[in-house]
Amino acid sequence: MPDDFPSHDTTSFLDEFRTAQISHLLVAAVTDFDIGGALTEGPMTYSELRFHLELADRPAIVLLTALRSIGLIDVDADGRVALTPYGREKMSPASSFSLRGYVGLGAGSADVRQMVDCLKHDRPAGGLSFVYHEGQDRSALDDPATSHLLTGAMADRARNVAPFLAAELDLANAAHLLDVGGGHGIYSYALLERFPNLRGTILDRQPALDVAFEYAEARGLGERVRLLHDDAHTAELEEVPDVVLMANLLHDYNERDAAALVEQFARRLPSGGRLMVLDSLLNPVPPGAPPVSDGPRAVAAYSALLFSICEGRCYRRDEVETWLHDAGLEVDAHVVSLPAHGSLVTGWKR
């Protein structure tokens, strides 16, 4: 490996960090929501099950996706959610080999109680939001200490992924990269270092941009980077970008706002421009099927973590591709795979 590449893949390390989220959801599924009991008599449609569990769409997707990713439930040929034989043996109250009582020992855990609260009320823990919306005065990331901590933490992950992103892309013919919600700027800086004719604009809140400034100066890129403090939903751009990057951004937002961000910046592209979404994506589901992916398990765990701390979750690849298509972009069939379950999906302005 070159000196600017990590020697070890970060994927397993982050999987170990996030895997506890599956445990929290499993305990919640057995104790507070009794999904095994709900499905013992037979499969239910997604809508029926969600109504029975008294869950909004986002928490239902997060919870059921986690259970499907570990093989306890599945979607049958009629599009209904059902226990698998494995799930029936371990989760049904009618099973002689049920583990409901054993799993229930975790119900008193503070982490489980917090997850249950998030599921029941469809809100991040503590009611905090890390995204900024038009009309509000501040977001949690407008606090310098909070922003510096979170932006630095996200930079740790980005340093392990950005070199691989830069190695996979060809931006030799691009002049201007817009990094929406770019925070620390690490992804942009890796691309600027590989492509010396490329200039970058990082759009974010001011405390995050203060961190981006430090990193740009340290890497000698200050003259090629513009730091734009603005609301991503309404920002005015002085220069049309050839490339728009949304790296680990959309998962912070609910579906409506994520789709709106894609549409907004797709409109800013010139003919031949591209919008790239980098995120950890769940497997797609067939058209008309319940919105319950079968994994990967590690991304289902990450989705649960995001669900508990922000307004979004991990989205499926077909959801992102639909947003790009609805925004008038042609979706590239080639999806770039990166460490930590990163997927880069690209839409082109033809």
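Asker: Just to check I follow, could you spell out the pairing of strand S5 (residues 225–229) for this structure?
Answerer: Regular strands place their side chains on alternate faces of the sheet. Across 5 bridges, strand S4 (residues 199–204) lies against S5 in parallel orientation. Considered in S5, the bridge of Gly200 is made with Val225. Note that the unit made of S4, helix H11 (residues 206–218) and S5 has a crossover that is right-handed.

Asker: Whenever I open this one, the pairing of strand S7 (residues 274–280) confuses me. Can you help?
Answerer: S7 sits mainly inside the fold: 7 of its 7 residues count as buried. Here S7 shows a buried face lined by Arg274, Met276, Leu278 and Ser280 and a second buried face lined by Leu275, Val277 and Asp279. Where strand S6 (residues 243–247) lies against S7, 5 bridges are found, and the strand directions are parallel. Of the residues in S7, the one forming a bridge with Ala247 is Leu278. One crossover worth recording links S6 to the parallel S7 by way of helix H12 (residues 255–267), and it is right-handed. Across 7 bridges, S7 lies against strand S10 (residues 342–348) in antiparallel orientation. Bridge assignment links Leu278 to a residue of S10, and that residue is Leu344.

Asker: How should empty space enclosed by the protein be read in this particular structure?
Answerer: Any empty space left between the atoms is revealed when a probe the size of a water molecule rolls over them. Within the structure shown, the criterion is met by 2 cavities of 30 Å³ or more. Roughly 80 Å³ of internal volume is contained in the largest cavity. For the largest cavity, the full set of lining residues is Arg18, Arg157, Val161, Tyr187, Asn248, Leu278, Asp279, Ser280, Tyr302, Pro339, Ala340 and Gly342. Contributions of two or more residues to the lining of the largest cavity are made by helix H9 (144–168) and S7. For the lining of the largest cavity, the element with the most residues is S7, which contributes 3 residues. Class assignment for the residues of the lining of the largest cavity results in 6 nonpolar, 3 polar and 3 charged. When its volume is computed, the second largest cavity comes out at roughly 30 Å³. Every residue along the wall of the second largest cavity is listed here: Leu250, Val277, Asp279, Ser280, Leu281, Tyr315, Val320 and Trp323. Elements with a minimum of two residues in the lining of the second largest cavity: S7 and helix H14 (317–326). Top element by residues in the lining of the second largest cavity is S7. It accounts for 3 residues. Residues of the lining of the second largest cavity, tallied by class, amount to 6 nonpolar, 1 polar and 1 charged.

Asker: How should the environment of Asp179 be read in this particular structure?
Answerer: Secondary-structure assignment places Asp179 in strand S3 (residues 176–180). By relative accessible area, Asp179 is classed as buried at 2%. The spacing of Asp179 and Arg113 is 66 residues in sequence and 37 Å in space, taken between C-alpha atoms. If we ignore the near neighbours within four places in the chain, the residues touching Asp179 are Gly185, Ser188, Thr201, Ile202, Leu203 and Leu245. Among the polar contacts made by the side chain of Asp179, one reaches the side chain of Ser188 at a distance of 2.7 Å.

Asker: Please clarify how helix H13 (residues 297–309) should be interpreted in this entry.
Answerer: At 3.6 residues per turn, the α-helix brings residues three or four places apart onto the same side. Between the first and last C-alpha of H13 there are 19 Å, a value that for 13 residues agrees with the 18 Å anticipated at 1.5 Å per step. Buried residues dominate H13, accounting for 11 of its 13 residues. Of all the residues in H13, the buried ones are Ala298, Val299, Ala300, Ala301, Tyr302, Ser303, Ala304, Leu305, Leu306, Phe307 and Ser308.

Asker: I keep staring at the layout of surface pockets and nothing clicks. Help me out?
Answerer: Put simply, the largest pocket is a space of about 1,000 Å³. Elements with a contribution of two residues or more to the lining of the largest pocket: helix H1 (11–18), H9, S4 and H13. Broken down by element, the residue count for the lining of the largest pocket peaks at 11 residues, all from H9. The residue inventory of the lining of the largest pocket, partitioned by class, reads 24 nonpolar, 12 polar and 9 charged. Surrounding the second largest pocket, 13 residues form its lining, Asp4, Pro163, Ala190, Glu193 and Arg219 being those nearest its centre. For the lining of the second largest pocket, the secondary-structure elements that each account for two or more residues are H9 and helix H10 (186–194). In terms of residues, the lining of the second largest pocket owes the most to one element, H9, which gives 5 residues.

Asker: Would you take a moment to explain the side chain of Thr11 for this structure?
Answerer: In this structure, Thr11 sits in helix H1. A distance of 2.6 Å separates a polar atom in the side chain of Thr11 from a polar atom in the side chain of Asp9. The residues contacting Thr11, other than those within four sequence positions of it, are Pro339, Ala340 and His341.

Reading the values: rules and limits
Residues numbered from 1 in each chain as written. Predicted model: local features only at pLDDT ≥ 70, side-chain atom pairs only at ≥ 80, totals over all residues. Heavy atoms only, no water. Pairing = 2+ DSSP bridges. Helix = DSSP H or I, 4+ residues; strand = E, 2+ residues; numbered from the N terminus. Right-handed = clockwise from strand over helix to strand, strands pointing away. Buried < 20%, exposed > 50% of the residue type's maximum accessible area, 1.4 Å probe, protein only. 1 Å grid on protein atoms, 1.4 Å probe; cavity = no way out; pocket = protein on both sides within 12 Å on 5 of 7 lines; lining within 4 Å. Points joined across faces, edges and corners; volume = space filled by probe spheres on them. Nonpolar A, V, L, I, M, F, W, Y, C, P; charged D, E, K, R; others polar. Contact = heavy atoms within 4.5 Å. Polar contact = N/O pair within 3.5 Å; in protein donor to acceptor, adjacent residues only side chain to side chain. Expected span 1.5 Å × (residues − 1).

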